[in-house]
Amino acid sequence: MASLASNGVSQISIPEEKVFRGRPLPFTLAPTGANNTPDDLVAYVKSNKDAILQQALTNGAVLLRGWTDTSPEKFAEVAESLGLEKFPYVGGAAPRTNVVRDVVFTTNESPPSEPIPFHHEMAQVPNPPKYVMFYCETPAAVGGETPIILSNEVAEYMKLKHPKFTEKVVEHGVQYCRVMPLEDDNSSAIGRSWRSTFLCKTKEEAEAAMRNIGTTWEWLDNGDVRTTTAVVPALKEDARVGKDMFINAMVAAYTGWVDSRNDPVKAVQFGNGEKMTADEGAVLLDIEKFMMKTRVAFKWQKGDVIVIDNGVCMHSRNTFERPRRILAALGG
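Just so you know, these numbers come straight off a predicted model, no measurement behind them. (Residues numbered from 1 in each chain as written. Predicted model: local features only at pLDDT ≥ 70, side-chain atom pairs only at ≥ 80, totals over all residues. Heavy atoms only, no water.)

Brief notes about the sheet that holds strand S6 (residues 98-100)
Pairing is mixed in the open sheet, where eight strands are placed in the order S1-S4-S5-S18-S9-S21-S7-S6. This sheet does not close on itself; its edge strands, each paired only once, are strand S1 (9-12) and S6. When the angles between neighbouring strand axes are averaged without regard to direction, this sheet yields 30°. Docked against the sheet, helix H3 (residues 72-81) engages S6, strand S7 (104-106), strand S9 (131-138), strand S18 (305-309) and strand S21 (325-331), running at close to 160° with respect to S9. (Pairing = 2+ DSSP bridges. Helix = DSSP H or I, 4+ residues; strand = E, 2+ residues; numbered from the N terminus. Axes fitted to C-alpha atoms, helices over the stretch in contact; angles between N-to-C directions. Contact = heavy atoms within 4.5 Å.)

Here is the structure:
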């Protein structure tokens, strides 16, 4: 887009990008001269916010690379410069910590040996965020990529290869079952406590929050809570592009919601309460294989900022060796 590749900024290609239907993923922008300071980045994003969000819709994600000395505080300013509605992390499963005000927080704090499956951020709740933004403060010594994939490509694969499963899941929708601990468990990728999940201190406050989003619950003797979400669709047409998206957490839940409290095979069910059979679980594993083959796993560079349209693009996390620090922000 001319409006983006101007004022000392140009579109570049990165080695890991892939082209889908003529569009690179991610769409990458970089400064061409000395206008590469954090303040330059904030000013550029503020002046081009609408075009950046449109490009994220068109391509799935926009990677901003080459602005030097960016900090968590400047990343917060970049996120705010997009003019998005603030979106609190309520209902998510990952253990996280606020870093800058209520804007920037850590990404999933589970051990680096734990991969994070592909997902749309908070796809298990009725109203997920519209945008997810990541910032690389410290690239991993080894691994630690945040692979991305276009959701409509996954939806098309499921419809083509598994039409009966698609018909069933479209008819009934899906629900997610998870036991949330009383206290945050950073040893688990889904170890966020019910207190942190719903930003509350008491069971009564948690119940009010769950009731508000249609989640049902059962309190356990040790203070944990077993939850079942409201029924949500597995495929959803994005009216902005007229394509079906794989907006669900089926694969993520079935392959990754495992810890001392949770069995991933029991984590996802059809909206009529029916559990997944072994054959239906095999469908989800096949979809996961397609995701791994199709994904774009770019290597983080210090200072990178990526803006992901959470309606059209999924993300994940590879295992890594420390040090690594990737921060996140959400937008409504």
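Remarks on the environment of Val 19
Here Val 19 shows up in strand S2 (residues 18-20). For Val 19, a relative accessible area of 54% gives the class exposed. With 277 residues separating them along the chain, Val 19 and Val 296 place their C-alpha atoms 9.8 Å apart. (Buried < 20%, exposed > 50% of the residue type's maximum accessible area, 1.4 Å probe, protein only.)

Things to note about helix H5 (residues 163-172)
Among the residues of H5, Phe 165, Thr 166, Lys 168 and Val 169 are the ones counted as buried. Down the axis, H5 shows its buried residues gathered within 165° of arc, on one side only. Set apart from the buried face of H5 by more than 90 degrees, the exposed residues are Lys 164, Glu 167, Val 170 and Glu 171. Structurally, H5 contributes buried residues whose contacts are with helix H4 (151-161), strand S12 (174-180), helix H8 (250-256), strand S17 (268-270) and helix H9 (278-294). (Arc of directions from axis to C-beta.)

With respect to the packing of helix H1 (residues 38-47) against H3
At a minimum axis distance of 8 Å, the contact between H1 and H3 shows a crossing angle of 10°. Judged by the angle between their axes, H1 and H3 are roughly parallel. Residue-level inspection shows Pro 38, Asp 39, Leu 41, Val 42, Val 45 and Lys 46 of H1 in contact with H3, the latter providing Lys 74, Glu 77, Val 78 and Ser 81. Among the residues forming the contact of H1 with H3, the class breakdown is five nonpolar, one polar and four charged. (Parallel < 35°, antiparallel > 145°, perpendicular 65-115°, else oblique. Nonpolar A, V, L, I, M, F, W, Y, C, P; charged D, E, K, R; others polar.)

Here we look at the sheet that holds S12
Taken in spatial order, the four strands make up an open sheet running S13-S14-S12-S17, and their pairing is antiparallel. In this open sheet, the two strands that pair with only one neighbour each are strand S13 (216-219) and S17. Taking each pair of neighbouring strands and ignoring which way they run, the sheet shows an average axis angle of 20°. Relative to S17, S12 is paired through three bridges, and the arrangement is antiparallel. Bridge pairing in S17 places Tyr 176 opposite Val 268.

Focus on the packing of aromatic side chains
Scanning all chains against the criterion turns up seven aromatic pairs. Sitting over the ring of Trp 257, Arg 178 keeps its end group 5.8 Å from the ring centre. A cation sits over an aromatic face here: Arg 324 above Phe 320, 4.9 Å from the ring centre. (Phe/Tyr/Trp six-rings, centres within 6.5 Å; stacked < 30°, edge-to-face > 60°. Lys NZ or Arg CZ within 6 Å of the ring centre and 35° of its normal.)

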